[in-house]
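The residues making up each chain are set out below.
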Amino acid sequence: MSALTIAKKAIREPLLHFVLIGALLFGLEARLNAGTGSHRLVVSKEVTASLSEQYAVSMGRPPNEAELGELITRWTDEEILFRAGVARGLDKDDARIRERVAQKMTRILEEGVLLAQPTEPELHAWFDEHEARFAAPPLVDFTQVFVAGEGDGAKSRAAELLAALRGGAEPAGMGDPFQGGRRYRHRKIADLATTFGEPFIEGLSEQAVNTWELRSSRHGQHLVRVDSITAGAAPDFETARRDVEKHHRDAKRAEGVAKAMNRLRAEWTVVRE
């Protein structure tokens, strides 16, 4: 993006933003490249505990070490963006200071990434390297009966219902209410993993149609009947061209932002208590 384009956009923003972006154009790169780890950022025990508690509330379990490390990295990145933004005056007259400033600073980094138009060979090479991403995945239709809980009582009840279903009982009215409903249609198996967890989808694409199987998730016990499987399809470049261009552009922008973020990180020494 040219300086003229950025300036035109800034004119429509409050004066503070105009001044900020002007300063960015002439001084941001030098300031980012000058990082020597001279700043100090402490991740306190209170912050770590708060991040762990928020994760546990959301996921139903405390984070493991790798997950906690990711949470801390995300927090420190946001804090670095926040402080860098405050140093540039982005926090003035802003009610949602921390979040808003970090978002603004992220947008500035994104706008500073100049993307060249990829050549046809580059797009084809990108498609070949990430071919699986553009394939049409298999889709599954299934019906479920849900039993809440993970204890012996829930598992015993689920086993009784499974026997009844395999004996020809109709699923309507059986089990406990489930927020997602009873019938799922044309669902990507990868998306189901996000909703239910990895154990739920194990062997799902190979499960025989019109048979009932017991599957567990983070929510409880699920008696699942696969109603149909729609086979996936191999990717075709011309069909997927628009998606290929978008993914290529997004990846290159993300690479540029990551490099800019690394230069910002270099200005800070992060200490974890």
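Enumeration according to the criterion identifies 13 salt bridges in this entry. In this structure, the salt-bridge partner of Glu 255 is Lys 252, at a minimum N-O distance of 3.9 Å. In this pair, Glu 255 and Lys 252 both sit in helix H10 (residues 237-265), 3 residues apart, roughly one turn of the helix. With a relative accessible area of 35%, Lys 252 lands in the partly exposed category. Beyond isolated ion pairs, a larger network of salt bridges with shared partners links Glu 120, Glu 238, Arg 241 and Glu 245.

We now examine the packing of helix H6 (residues 120-129) against H10. Relative to each other, H6 and H10 sit at 95 degrees, their axes nearing to 9 Å. The angle between the axes of H6 and H10 places the two elements in the roughly perpendicular class. Between H6 and H10, the residues in contact are Glu 120, Leu 123, His 124, Trp 126 and Phe 127 and Phe 237, Ala 240, Arg 241, Val 244, Glu 245, His 247, His 248 and Ala 251, respectively. Split into classes, the residues belonging to the contact of H6 with H10 amount to 7 nonpolar, 3 polar and 3 charged.

As a further point, take the packing of aromatic side chains. Each pair of aromatic rings is reported with the distance of its centres and the angle of its planes. As enumerated under the stated definition, the model contains 8 aromatic pairs in all. An angle of 80 degrees between the planes, with centres 5.4 Å apart, marks the rings of Phe 127 and Phe 237 as edge-to-face. You can see Phe 127 sitting in helix H6 and its partner Phe 237 sitting in helix H10, a full 110 residues away along the chain. The pair Phe 127 / Phe 237 is uniform in exposure class, with both members buried. Here the aromatic rings of Phe 178 and Phe 196 are separated by 5.8 Å at their centres, their planes lie at 15 degrees, and the arrangement is stacked. Taken together, the residues span a long stretch of sequence, with Phe 178 in the loop between helix H7 (152-166) and strand E3 (183-188) and Phe 196 in helix H8 (residues 189-196) at a distance of 18 residues. In terms of burial, Phe 178 and Phe 196 fall into one category: buried. The structure contains a cluster of three or more aromatic residues connected by ring pairs, namely Phe 142, Phe 146, Phe 178, Tyr 184, Phe 196 and Phe 200.

A few words now on the sheet that holds E3. Spatially, the 4 strands line up as an open sheet ordered E3-E2-E5-E4, and their pairing is antiparallel. The open sheet has two edge strands, E3 and strand E4 (212-216), and neither has a second partner. For this sheet, the mean inter-axis angle between neighbouring strands, taken without regard to orientation, is 40 degrees. The strands touched by H8 within the sheet are strand E2 (139-148), E3 and strand E5 (220-230), with E3 carrying the most contacts at an inclination of about 120 degrees.

Backbone geometry places His 186, a non-glycine residue, at a positive phi of 50 degrees. In this fold, His 186 is placed in strand E3. Even without being a glycine, Asn 210 presents a positive backbone phi close to 65 degrees. Here Asn 210 is to be found in the loop between helix H9 (198-201) and E4.

So, about the confidence of the model for the protein chain. The predicted coordinates ought not to be read in detail in places where the model reports low pLDDT. Scored by pLDDT, the protein chain comes out at a mean of 83, with 85% of its residues at no less than 70. Throughout residues 2-35 the model reports pLDDT below 50, and contacts reaching past four residues in sequence, or to other chains, amount to 33 contacts.

Basis of the calculations
- Residues numbered from 1 in each chain as written.
- Predicted model: local features only at pLDDT ≥ 70, side-chain atom pairs only at ≥ 80, totals over all residues.
- Heavy atoms only, no water.
- Salt bridge = Lys/Arg side-chain N within 4 Å of Asp/Glu carboxyl O.
- Helix = DSSP H or I, 4+ residues; strand = E, 2+ residues; numbered from the N terminus.
- Buried < 20%, exposed > 50% of the residue type's maximum accessible area, 1.4 Å probe, protein only.
- Axes fitted to C-alpha atoms, helices over the stretch in contact; angles between N-to-C directions.
- Parallel < 35°, antiparallel > 145°, perpendicular 65-115°, else oblique.
- Contact = heavy atoms within 4.5 Å.
- Nonpolar A, V, L, I, M, F, W, Y, C, P; charged D, E, K, R; others polar.
- Phe/Tyr/Trp six-rings, centres within 6.5 Å; stacked < 30°, edge-to-face > 60°.
- Pairing = 2+ DSSP bridges.
- pLDDT = per-residue confidence, 0-100.

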